[in-house]
Amino acid sequence: MSRAVAEGLVLAIETSCDDTCAAVVTRDGVIASNVISSQGIHDAYGGVVPEIASRHHLELMDAVVEDALTRAGASLDDIGLVAVTRGPGLVGALLVGLSAAKAIAAVRRLPLAAVDHLQGHVSANFLRVDGGAPFDPPFLCLVASGGHTFLARVEEHHGFEVLGRTLDDAAGEAFDKGARLLGLPFPGGPHLQRAAEPGDPTAFAFPIAEKVAGLDFSFSGLKTSLLYAVRDLGEQEARRRHADLAASFQHAIVEALARRVERALEQTGLDRLAIGGGVAANGPLRARLSALGVEVHVPPLALCTDNAAMIAAAALHQPVTPYPEHLGLDAYSTSDRGL
Ligand code: KG4
Ligand code: ZN
């Protein structure tokens, strides 16, 4: 392994779930292009179907990479490093991106940076947006998406300490399951937020996962509470109280996240917070965290949800594997951090 890229742009690929993503980023962390092709096909199933995701990645990959290069005004001649998500994620989906990245790096004899997806979410903060400065360590980072929810202490540009993680559902998954119980479409988070707007967040006292020790999260009990509440109200009354149910459910998730963040800030003495993952789009969560009195950094939404620019950002600060060694790299589905 050698140290990160010396010269040339970074071409990054991310295919850990259902979005086919490619990006071109400069060594200073400026985004030259960031292409995200979302596979809306899964919405009809109420979740991502791994086999369908892999097949679509295969179909979209070439066009997405080409689009990323074109939008950046670059060609493969300008690329000095290829970066790719190696895991965690859906293995079939990851393998499509990893194979494409290896192929591009091999024909150009370029090094490859095999990036951890969760490091990518943390590293999204290091990108320069609209000519601005990166949000550099030290900071506390909350990542809450459909696939993962964790709190990390970030002291350096590469690596982080996991302070807390969900013991069951991810926060976005909780939003999606709650939305489903309330008859809302997938993905549930944005629909549930909208449905909650006219509602009273204190109408129903859903559990806020306070039984979970330390800085870990748990959302599966909350989902069951909503199920019972809807059942006990009966169909007609549940429909009439729809906004209150949505608002109270959302409130429980937001409070669970915010209280752990507050506790983590206290315990670590950190006074800067970054938020990532799709749930960072949630208005009440942003408002609650912004009121904590610490500096809060939320990258633009396209950098909070899965994207390849964040993978390039991570690649700039980690060891890279030269050709042809990188041809032996494999994908992994779960992280060794217990996430
Ligand atoms: O990061 P992301 O795009 O993909 C994953 O890696 O999972 O996150 C998607 C998740 C979904 O569960 C979606 O319901 C949730 O983020 N989400 C939201 C909102 N927008 C997206 N949750 C709450 N409020 C929102 N406004
Ligand atoms: Zn993600």
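Sequence order as written defines the numbering, with residues in each chain counted from 1. All chains are assigned letters beginning with A, and all ligands numbers beginning with 1, in the order in which they are written. Local features in this predicted model are restricted to residues whose pLDDT is 70 or higher, and side-chain atom pairs enter the listing and the counts only when it is 80 or higher, whereas totals over whole chains, interfaces and linings include all residues. To obtain the side-chain values, all non-hydrogen atoms of the structure were included, while hydrogens and water were left out.

**Student:** Got a minute to help me understand the domain arrangement of the protein chain in this structure?
**Tutor:** Where each domain starts and ends comes from a domain assignment, either automatic or drawn from a database. Its domain assignment divides the protein chain into domain 1 (9-129 + 304-328) and domain 2 (139-298). In this structure, domain 1 and domain 2 have C-alpha centres spaced 28 Å apart. By buried area we mean the combined loss of accessible area, with a 1.4 Å probe, across both parts when two parts are placed together. A buried area of about 1,600 Å², summed over both sides, lies between domain 1 and domain 2, and 68% of it is on carbon and sulfur atoms. Its largest share of buried area at the contact with domain 2, domain 1 owes to Val122, Asn125 and Cys304, together 32% of the area lost on that side. Any Lys or Arg side-chain nitrogen located within 4 Å of an Asp or Glu carboxyl oxygen qualifies as a salt bridge. Across the domain 1-domain 2 interface, the total number found is 0 salt bridges. Counted as a polar contact is a pair of N or O atoms within 3.5 Å, where, for protein atoms, one must be capable of donating a hydrogen and the other of accepting one, and residues adjacent in sequence contribute only when both atoms are in side chains. Connecting domain 1 to domain 2 are 3 residue pairs in polar contact (both at pLDDT 80 or more).

**Student:** I'm lost on the side chain of Ser37 in this one. Help?
**Tutor:** The residue Ser37 is located in strand E3 (residues 31-38) in this model. Only heavy atoms enter the contact rule, under which two residues are in contact if any of them lie within 4.5 Å. For Ser37, the residues in contact, after removing those within four places along its chain, are Asp18, Asp19, Thr20, Leu60 and Val64. In this description a helix means any DSSP run of H or I spanning at least four residues, a strand means any run of E spanning at least two, and both kinds are numbered starting from the N terminus.

**Student:** Quick question: what am I supposed to make of the sheet that holds E3 here?
**Tutor:** Whenever strands of a sheet pair, they do so through backbone hydrogen bonds, lying parallel or antiparallel. Here 5 strands make up an open sheet; going across it, the order is E3-E2-E1-E4-E5 and the pairing mixed. For this open sheet the edge positions go to E3 and strand E5 (112-116), each flanked by a neighbour on one side alone. For this sheet, the mean inter-axis angle between neighbouring strands, taken without regard to orientation, is 15°. Each pair of strands is called paired provided DSSP finds at least two bridges between the two strands. Taken together, the 7 bridges between strand E2 (residues 19-25) and E3 define a ladder with antiparallel strand orientation. Opposite Cys21, over in E3, you have Ile36 as the bridge partner. Axis definition: a line fit to C-alpha positions, over the contact stretch in the case of helices; interaxial angles, taken between N-to-C directions, run 0 to 180 degrees. Those strands touched by helix H1 (residues 50-72) are strand E1 (9-14), E2, E3 and strand E4 (79-87), and its axis lies near 25° from that of E2. Running over the sheet, helix H2 (residues 91-108) touches E1, E4 and E5 and is turned about 160° from E4.

**Student:** Where do I start with the coordination of the zinc ion (ligand 2) in this structure?
**Tutor:** For a metal with four tetrahedral donors the ideal donor-metal-donor angle is 109.5 degrees, while six octahedral donors give ideal angles of 90 or 180 degrees. Each metal's donors are the N, O and S atoms found within 2.8 Å of it, except that Na, K and Ca use a 3.2 Å limit; water is left out, so coordination can look incomplete. Here the zinc ion (ligand 2) is held by His117 (NE2), His121 (NE2), His148 (NE2) and Asp306 (OD), and the distances to it run 2.1 to 2.6 Å. Of note is the zinc ion (ligand 2), whose 4 donor atoms meet at the metal with angles of 92 to 171° in an arrangement that counts as irregular. Of note, the donors binding the zinc ion (ligand 2) are all from one chain and are spaced H-x3-H-x26-H-x157-D. Separated by 31 residues along the polypeptide, His117 in helix H3 (residues 117-123) and His148 in the loop between strand E6 (139-144) and strand E7 (149-154) bring together distant segments of the chain. Each member of the pair, His117 as well as His148, carries the same accessibility label: buried. Angular criteria define each label, namely tetrahedral for four donors with all angles between 85 and 135 degrees, square planar for four and octahedral for six donors with opposite donors over 155 degrees apart and remaining angles between 65 and 115, and irregular for whatever fails these tests. Only protein chains enter the area calculation, which uses a 1.4 Å probe; residues under 20% of their type maximum are buried, those over 50% are exposed, and those in between are partly exposed.

**Student:** Would you take a moment to explain the sheet that holds strand E8 (residues 161-165) for this structure?
**Tutor:** If you trace the 5 strands from one edge of the open sheet to the other, you get E8-E7-E6-E9-E10, paired in mixed fashion. The two strands at the open ends of the sheet, each matched to only one other strand, are E8 and strand E10 (295-297). The mean inter-strand angle of the sheet, taken between neighbouring strand axes irrespective of direction, is 20°. Bridge analysis of strand E9 (residues 272-276) against E10 gives 3 bridges, and the strand direction is parallel. Bridge pairing in E10 places Ala274 opposite His297.

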